[in-house]
Amino acid sequence: DAKTTQPTSMDCAEGRAANLPCNHSTISGNEYVYWYRQIHSQGPQYIIHGLKNNETNEMASLIITEDRKSSTLILPHATLRDTAVYYCIVRVAKQAGTALIFGKGTTLSVSS
Amino acid sequence: DTAVSQTPKYLVTQMGNDKSIKCEQNLGHDTMYWYKQDSKKFLKIMFSYNNKELIINETVPNRFSPKSPDKAHLNLHINSLELGDSAVYFCASSQDPWRLGTGELFFGEGSRLTVL
């Protein structure tokens, strides 16, 4: 699986948009971009994923550059409960039993 | 209903003991996983099972033995516990991505193991 690079930490004011970047310059054509987050010591939680088109769900938006070498996760109106470690992962989705390989992630701190 | 449940949530034991952590998922998924999160917060894959068959077996000491009696259960047995085994162990499951779904993983809440 391709490696990803994320900033170690970011800060965001409550109510503002949080934009979390991720570089995945060695991504292959059949690899998807996944975002997960881990709040405190809970189990990681799926946020969103995409292949090449931008995606949006009730939690966030995912913007993938045209060359697919980087992406940005957008939390449109961050709240204190969004404080967590955010992981950007790339992997081949259509492969049975393929595990997610977690990096260090970005620690997002949302403050009032 | 809890989708992926692990027991026990906390486990404190002495070095050299043998212990087990149980995991059950009620999502009807085909694949289950064990991850380890150490004190530095790195999440590492240990094992994955697809339809009760071992798919991934990372470089894990053979003191760790996963057992999958059926698709809904994946238990982790650890022999001769060592101090370095202290960690949070997460179970997860996913739908077989060949057939359906996105390959999204659903995680349990973790089992914190402390070896004294």
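Residues numbered from 1 in each chain as written. Chains lettered and ligands numbered in written order. Predicted model: local features only at pLDDT ≥ 70, side-chain atom pairs only at ≥ 80, totals over all residues. Heavy atoms only, no water.

### Focus: the sheet that holds strand β5 (residues 55-56) of chain A
Residues and elements named next belong to chain A.
Okay, step 1: In space, the four strands of this open sheet follow the order β2-β7-β6-β5, with antiparallel pairing throughout. Strand pairing shows two members of the sheet lacking a second neighbour, β2 (18-23) and β5, which therefore form its edges.
Okay, step 2: With six bridges connecting them, β2 and strand β7 (residues 70-75) associate as antiparallel partners. Considered in β7, the bridge of leucine 20 is made with leucine 73. (Pairing = 2+ DSSP bridges. Helix = DSSP H or I, 4+ residues; strand = E, 2+ residues; numbered from the N terminus.)

### A closer look at the packing of aromatic side chains
Okay, step 1: Evaluation of the coordinates by the stated rule reveals nine aromatic pairs over all chains.
Okay, step 2: Ring centres of A:Tyr87 and A:Phe102 lie 5.0 Å apart, and the angle between their planes is 90 degrees; on these two criteria the pair is classed as edge-to-face. Of this pair, A:Tyr87 sits in strand β8 (residues 84-92) while A:Phe102 sits in the loop between β8 and β9 (106-111); the two residues are 15 residues apart in sequence, bridging distant segments of the chain.
Okay, step 3: A relative accessible area of 2% means that A:Tyr87 is categorised as buried.
Okay, step 4: Owing to a relative accessible area of 9%, A:Phe102 belongs among the buried residues under this scheme.
Okay, step 5: Each ring, one from A:Phe102 and one from B:Phe107, has its centre 6.0 Å from the other, and the planes form 75 degrees; the classification is edge-to-face. With one member in each of two chains, A:Phe102 in the loop between β8 and β9 and B:Phe107 in strand β10 (residues 106-107) form a pair that bridges those chains. Both residues of the pair, A:Phe102 and B:Phe107, belong to the buried class.
Okay, step 6: Grouping aromatic residues by their ring pairs yields a cluster made of A:Tyr36, A:Tyr46, A:Tyr87, A:Phe102, B:Tyr33, B:Tyr35 and B:Phe107.
Okay, step 7: Over the ring of A:Tyr34 we find A:Arg91; its NZ or CZ atom is 5.3 Å from the centre of that ring. (Phe/Tyr/Trp six-rings, centres within 6.5 Å; stacked < 30°, edge-to-face > 60°. Buried < 20%, exposed > 50% of the residue type's maximum accessible area, 1.4 Å probe, protein only. Lys NZ or Arg CZ within 6 Å of the ring centre and 35° of its normal.)

### So, the state of the cysteines
Okay, step 1: All chains considered together, the criterion is met by two disulfides over all chains.
Okay, step 2: Bridging A:Cys22 to A:Cys88, the disulfide has an S-S length of 2.1 Å. Classification of the bridge connecting A:Cys22 and A:Cys88 rests on its S-S torsion, roughly -80 degrees, and on that basis the disulfide is left-handed. Here A:Cys22, found in strand β2, pairs with A:Cys88, found in strand β8; they are 66 residues apart in sequence, far enough to count as distant. This pair shows no difference in class: A:Cys22 is buried, exactly as A:Cys88 is.
Okay, step 3: At a sulfur-sulfur separation of 1.9 Å, the disulfide partner of B:Cys23 is B:Cys91. Looking down the S-S bond of the B:Cys23 and B:Cys91 bridge, the torsion is -80 degrees, so its handedness is left-handed. Highlighted residues: B:Cys23 in strand β3 (residues 19-25) and B:Cys91 in strand β9 (residues 87-94), separated in sequence by 68 residues.
Okay, step 4: The thiol of A:Cys12 is not disulfide-bonded; the next cysteine sulfur, from A:Cys22, is found 18 Å away. (Disulfide = S-S within 2.5 Å.)

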